[in-house]
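Summary of structural features
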Amino acid sequence: MRADVKEIRKVLEERLAALDDRVDAARREVVDALDERVRGLHDDQRETRDHVRSMSDHLARNDSSVPALCEDIATLTDLVRSLHTELGNVAARLPAPGATAKSADGGEQPASPGPVVPAGTLQTPPAPAVQPGAATPTELGAAPQPTAPATTPQGVSMTAAPAPGEQPSQDEHDRARALKRAVEAAYHGTPVDQPSPTAQAPAGKLQDPQVDHGVLLLRAAGVASAEVVAHRHTWEWLAARAADHDHFRTPPAVDDLPDGRIRTTVSGRSLIALLIVLWNTRETSSLNGDWALASTTYQRAATALKGATDQGATIRIVLDDGHGQGDKHDVDGEDKGPAGLGS
């Protein structure tokens, strides 16, 4: 009997030892797999940060190259305008088709045929010669005739584009000034001193969208910084759109959050640039992805700016519907309940 008990105990001990070995081996395999996975995540995070840093450097280089590109465009514009003027002068000196010229012996001979102009092309007739001492139509009180666009020998219109430094007309200046007064009045909540059809909407109708847009720009001008929470792809689209604007500055840091999200802080000046770019994209794009991103982001920024009523309050623009409307994220990216603006 004792021999059987000893034999059973020996067998149990051997099996327990083998089980302990298997458990230790499984534990080592799990730990090794976890270490390898963590190392892979760290490598991915490092590559992502390097990519963001390179993108920031690229955008900064673009910011520095924009002024030189603008100067080149202005130079090309001046050259094209001068070329248009020269071609217009040459076209004005050419004889009209069918005109006759006097020969040396006093006879008349057909003038050399002018360049062939396609049918239906509008040409400018030569100006009538003014005899010395004769009064011009303007001096006689006649209304000056509108000047038709000059044409090249091929019939191409030579109407010059307005110069970059050309001053706007008085009507445009008055409309712009009235619009700015309406924006400032709406921002301060005071009535407009001089109503304007462009700046002030009739009673019973919605306010001019340009006035609302101007009010948002004034609100953004008073913001020190605004927090943006979005997916990395969305933020890259926003930064690429606003990179060429004079007031946009690349944020110094872009923090990673779980699930591919990021959080960054932009200045009030950069927020102005984002609002202007989003407004223009929303107004000029067709019904596509750019229009959807611009419209949604613009509305979120407008909601955040309108909801900030206290000085020192944090402006939060959140594009994160998948994690709950108004969720606030802590430093580690964990949800902490509704506390922010946007959704």
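Higher on the page you've got the structure.
A brief look at the structure comes next. Remember, it's a predicted structure, so these values are computed and weren't measured experimentally.

Moving on, we get to the pairing of strand S5 (residues 261-267). Side-chain positions along a regular strand alternate between the two faces of the sheet. With respect to burial, S5 is a largely interior element, five of its seven residues being buried. In this structure, strand S3 (residues 225-231) lies alongside S5, joined through seven bridges in antiparallel fashion. Bridge assignment links Ala226 to a residue of S5, and that residue is Val266. Here strand S4 (residues 254-256) pairs with S5 via three bridges, running antiparallel. Pairing of Asp255 across the sheet is with Arg263, part of S5. Where S4 hands over to S5, the hairpin turn is made up of four residues, of which Asp259 adopts a positive phi near 65°.

Right, let's get into the packing of helix H3 (residues 209-221) against helix H6 (residues 289-307). Axis separation between H3 and H6 bottoms out at 10 Å; the angle between their running directions is 60°. Considering their axes alone, H3 and H6 lie oblique with respect to each other. Viewed along their axes, H3 and H6 form a crossing whose handedness is left-handed. Note on element contacts: H6 touches H3 through Tyr298, Ala302, Leu305 and Lys306, opposite His213, Leu216, Arg219 and Ala220.

With that settled, consider the side chain of Arg300. Along the chain, the position of Arg300 falls in helix H6. On the basis of relative accessibility, which here comes to 15%, the residue Arg300 falls in the buried class. Separated by 3.1 Å, the side chains of Arg300 and Asp321 make a polar contact.

What follows is about a negative patch on the surface. A surface patch of like charges, here negative, comprises Asp4, Glu7, Glu13 and Glu14. On the secondary structure map, Glu14 appears in helix H1 (residues 2-93). A relative accessible area of 48% means that Glu14 is categorised as partly exposed.

Read from one edge of the open sheet, four strands run S4-S5-S3-S6, paired in mixed fashion. Unpaired on one side and paired on the other, S4 and strand S6 (315-318) mark the two borders of the sheet. Each neighbouring strand pair of the sheet contributes to a mean axis angle of 20°, computed without reference to strand direction. Sitting on the sheet, helix H5 (residues 268-284) is in contact with S3, S5 and S6, with an inclination near 110° to S5.

What counts and how
- Residues numbered from 1 in each chain as written.
- Predicted model: local features only at pLDDT ≥ 70, side-chain atom pairs only at ≥ 80, totals over all residues.
- Heavy atoms only, no water.
- Buried < 20%, exposed > 50% of the residue type's maximum accessible area, 1.4 Å probe, protein only.
- Helix = DSSP H or I, 4+ residues; strand = E, 2+ residues; numbered from the N terminus.
- Pairing = 2+ DSSP bridges.
- Axes fitted to C-alpha atoms, helices over the stretch in contact; angles between N-to-C directions.
- Parallel < 35°, antiparallel > 145°, perpendicular 65-115°, else oblique.
- Left-handed = near helix turned anticlockwise from the far one by under 90°.
- Contact = heavy atoms within 4.5 Å.
- Polar contact = N/O pair within 3.5 Å; in protein donor to acceptor, adjacent residues only side chain to side chain.
- Patch = residues over 30% accessible without salt bridge, like charges linked within 9 Å, V, L, I, M, F, W, Y side chains within 5 Å.
- Areas by Shrake-Rupley, 256 points an atom, 1.4 Å probe, with all protein chains shown as cover.
- Salt bridge = Lys/Arg side-chain N within 4 Å of Asp/Glu carboxyl O.
- Lys, Arg positive; Asp, Glu negative; His and termini not counted.
- Charge placed at Lys NZ, Arg CZ, Asp CG, Glu CD.

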